[in-house]
Amino acid sequence: MYIVDRPEAVMVRGDGSYLYDHTGKRYLDFVQGWAVNSLGHCPAPAVEAITRQAQTLINPSPAFFNRPMIDLADAIVGKSCFDRVFFANSGAEANEGAVKLARKWGALNKNGAYEIVTMNHSFHGRTLAMMSASGKDGWDRLFEPKVPGFRKIDLNDLDALTATITDKTVAVMLEPIQGEAGVFPAQEGYMRKLRALCDEKDILLIVDEVQTGVGRTGKLFGYELFGIEPDIMTLGKGLGGGVPIAALVAKERVSCFVAGDQGGTFNGNPLMCAAALAVFTEIGRPEFLQAVENSGRYLRLKLEELANLHGFGEVRGQGLLRALNLKRPVGKTVAEYAFREGMLINSPRPDTLRFMPALNVSRDEINEMTVILDRVFSEVARA
Ligand SMILES: *Cc1c(COP(=O)(O)O)cnc(C)c1O
């Protein structure tokens, strides 16, 4: 079924920061499945875990506990401020769960309050409710009628937030760094005041960390950047290192689902949990996270050099989630030229390039990316 334009190339093999197509052409991958392959293509720890688990137990049914599910939940709880985990199969599904949990909590504790404040330009996924929650430009007129109950305001605008909260408000949901919008961070002061406001009004704070979670920002979870504790967090993308798994994570006090409220056929299946556990264990090591921070700083430096050289604007983001403001609408052209030159780069908006390499990307690979981009920028300027 047609859903998007794709190039002719058929991708057949991946190894670390490199992807290979059916002709044998090699691509330096700074997209990594949209920040999904956190350890690069086919990382040994995940391959070994998947192989071992596939030979042991693939699917006992979600009616039973399984060992990888328990171990992964323990690992996430052990490294975060949360107590409870529900595994899902995609970021959108985890976010749906977060909204359901907040509405249930509102029904039990806040007189049936159900409204959730979300942000303009936010991205929470492509299910009907998440398209309703998202603030992506153009989505407000798609697939009507929408799921009601979402009120949108600008990120980092505390006055707008105060003005939007009513008796019906049960939660605020936002990305610590708006990824799909083009890498726009929430400010630390804003997040701290938002946390205080939520406490004051008894409203839940939900962070969508589908893109920022699991080491992407140099912290294991993006909320750590602000020194706050949310009530609910969702993970996806990088959690499985390439395989489809996501998580709804919450504090004990808000974990109010009863039997039948939430579930799903593939949820918490041991094959995906085993892969995710291997990836999470590697990324959770303090030395690994320190290396992400260092690589992120180096990437920012190289991007700033390129920006100076070619007259571009600012570099945004944290860790290995970065964006470069091109100041003119050539992002798509740059990405197309780069593809021809053997490099994958994403342009989330016409004037912006986004960088989300493997978290174990090397300095040599960052240098190689810089050389290719430098050449591509000159070609695009000439054209
Ligand atoms: C990608 C993304 C989602 C959606 O995840 P899917 O796995 O595609 O459903 C949700 N929220 C954020 C912040 C994302 O970046």
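Residue positions within a chain follow its written sequence, with the count starting from 1. Totals for whole chains, interfaces and linings use every residue, but because this is a predicted model, local features are given only for residues with pLDDT of at least 70 and side-chain atom pairs only at 80 or more, for both listing and counting. Water and hydrogen atoms play no part in the side-chain values, which are based on all heavy atoms of the structure.

### Considering the packing of aromatic side chains
For this analysis, a ring pair means two rings from Phe, Tyr or Trp (six-membered ring only for Trp) whose centres lie within 6.5 Å, classed as stacked if their planes differ by under 30 degrees, edge-to-face if by over 60, and tilted for the remaining angles. With the rule as written, the count across this model stands at six aromatic pairs. An aromatic cluster is present here, built from Phe82, Phe221, Tyr223 and Phe280 joined pairwise through their rings. Remark: a charge is flagged as sitting over a ring if the NZ atom of Lys or the CZ atom of Arg is within 6 Å of the ring centre and within 35 degrees of the ring normal. Arg13 extends its terminal NZ or CZ atom over the ring of Tyr20, reaching a point 4.1 Å from the ring centre. Against the face of Tyr337 rests Arg340, its NZ or CZ located 4.8 Å from the ring centre.

### A closer look at the side chain of Asn37
Only DSSP runs of H or I with at least four residues qualify as helices, and only runs of E with at least two residues qualify as strands; both kinds are numbered from the N terminus onward. One can find Asn37 in the loop between helix 1 (32-35) and helix 2 (44-54). Here a residue-residue contact requires only that any non-hydrogen atoms of the pair lie within 4.5 Å. Once residues lying within four places of it in the same chain are set aside, the contact partners of Asn37 are Gln32, Gly241, Gly242 and Ala358.

### Points about the site of the ligand
The near set for a molecule or strand comprises every residue that places at least one heavy atom within 4 Å of it. In the neighbourhood of the ligand, the contacting residues comprise Ser90, Gly91, Ala92, Asn95, Phe123, His124, Gly125, Glu175, Asp208, Val210, Gln211 and Lys237. Measuring from an oxygen atom of the ligand, one finds a backbone N or O atom of Ala92 at 2.8 Å. N or O atoms within 3.5 Å of each other form a polar contact, as long as, within protein, one can give a hydrogen and the other can take it, and as long as residues adjacent in sequence are counted only when both atoms are side-chain atoms. Between Lys237 and the ligand, the recorded distance is 2.6 Å, taken from a side-chain N or O atom to an oxygen atom. Each accessible area is a Shrake-Rupley result for a 1.4 Å probe, and residues are judged covered by the shown protein chains and nothing else. Calculation on the ligand without its partners gives an accessible area of 380 Å², and the protein chains cover 82% of this total. At three residues, the largest contribution of residues to the shell around the ligand is made by helix 4 (residues 91-109).

### As for the environment of Tyr20
As for its position among the elements, Tyr20 is in strand 2 (residues 18-21). By relative accessible area, Tyr20 is classed as buried at 16%. Residues Tyr20 and Val10, spaced ten residues apart in sequence, show a C-alpha to C-alpha distance of 8.6 Å. The contact partners of Tyr20, leaving out residues within four places of it in the chain, are Val10, Met11, Val12, Arg13, Asp15, Lys25 and Arg26. Type-normalised accessible area, obtained with a 1.4 Å probe on protein chains alone, sets the label of each residue: buried when under 20%, exposed when over 50%, and partly exposed for intermediate values.

### Side note on unusual backbone geometry
Following Glu144, the chain continues into Pro145 via a peptide bond in cis, with omega recorded as -5°. Its identity as a non-glycine residue notwithstanding, Phe143 has a phi of 55°, on the positive side. Within the element layout of this structure, Phe143 appears in the loop between helix 5 (128-133) and strand 6 (150-153). Although it is not a glycine, Val214 adopts a positive phi angle of roughly 55°.

### Remarks on the sheet that holds strand 10 (residues 204-208)
For two strands to count as paired, DSSP must find a minimum of two bridges between them. With mixed pairing, seven strands are arranged side by side in an open sheet as 4-12-11-10-7-5-6. At either margin of the open sheet sits one strand with a lone partner, and together these are strand 4 (84-88) and strand 6. Recorded for the sheet is a direction-independent mean angle of 20° between the axes of neighbouring strands. In terms of strand pairing, strand 5 (residues 115-119) meets strand 7 (residues 169-174) through three bridges, oriented parallel. Across the sheet, the residue bridging to Glu115 is Thr169, located in strand 7. Axis geometry follows a simple rule: fit a line to the C-alpha atoms, using only the stretch in contact for helices, then measure angles between N-to-C directions, giving values from 0 to 180 degrees.

### Some details on the pairing of strand 6
Pairing of strand 5 with strand 6 involves four bridges; the strand directions are parallel. Directly across from Ile116, in strand 6, lies its bridge partner Phe150. Whether a crossover is right-handed comes down to one check: with the strands pointing away from the viewer, does the path from the first strand over the helix to the second run clockwise; if it does, it is right-handed. Viewed along the sheet, the connection from strand 5 through helix 5 into strand 6 turns out right-handed.

### Digging into the sheet that holds strand 16 (residues 346-349)
Taken in spatial order, the four strands of this open sheet run 13-14-17-16, and their pairing is antiparallel. If you trace the sheet from one side to the other, it starts and ends with strand 13 (315-318) and strand 16, each paired once. Pairs of neighbouring strands in the sheet enclose a mean axial angle of 25°, with direction left out of account. For strand 16 and strand 17 (residues 352-355), the ladder comprises two bridges, and the chain directions are antiparallel. Each residue of the ladder has a partner; that of Asn346, found in strand 17, is Arg354.

### Notes on the layout of surface pockets
Cavities and pockets were defined on a 1 Å grid built over protein atoms only: a cavity is a set of grid points that admits a 1.4 Å probe from which the probe cannot escape, a pocket is an open set flanked by protein on both sides within 12 Å along at least five of seven lines, and lining residues are those with an atom within 4 Å of any such point. Grid points are joined across faces, edges and corners, and a volume is the space filled by probe spheres set on the points. What the second largest pocket holds in volume is close to 800 Å³. Looking at the second largest pocket, it is lined by 31 residues, and the ones nearest its centre are Phe65, Arg84, Val85, Phe86 and Phe87. When contributions to the lining of the second largest pocket are tallied by element, the ones reaching two or more residues are helix 3 (67-78), strand 4 and strand 12 (246-250). A total of five residues in the lining of the second largest pocket trace back to one element, the largest contributor, which is helix 3. Amino acid classes used here: Ala, Val, Leu, Ile, Met, Phe, Trp, Tyr, Cys and Pro are nonpolar; Asp, Glu, Lys and Arg are charged; the rest, including Gly, are polar. Looking at the lining of the second largest pocket residue by residue, the classes come out as 19 nonpolar, seven polar and five charged.

### Describing the pairing of strand 17
The alternating pattern of strand 17 places Thr352 and Arg354 on one face and Leu353 and Phe355 on the opposite face, and all of these are buried. As paired elements, strand 14 (residues 321-325) and strand 17 share four bridges and run antiparallel to each other. Within the sheet, the bridge partner assigned to Asn325 lies in strand 17 and is Thr352. Remark: two residues form the turn of the hairpin made by strand 16 and strand 17, two consecutive strands paired antiparallel.

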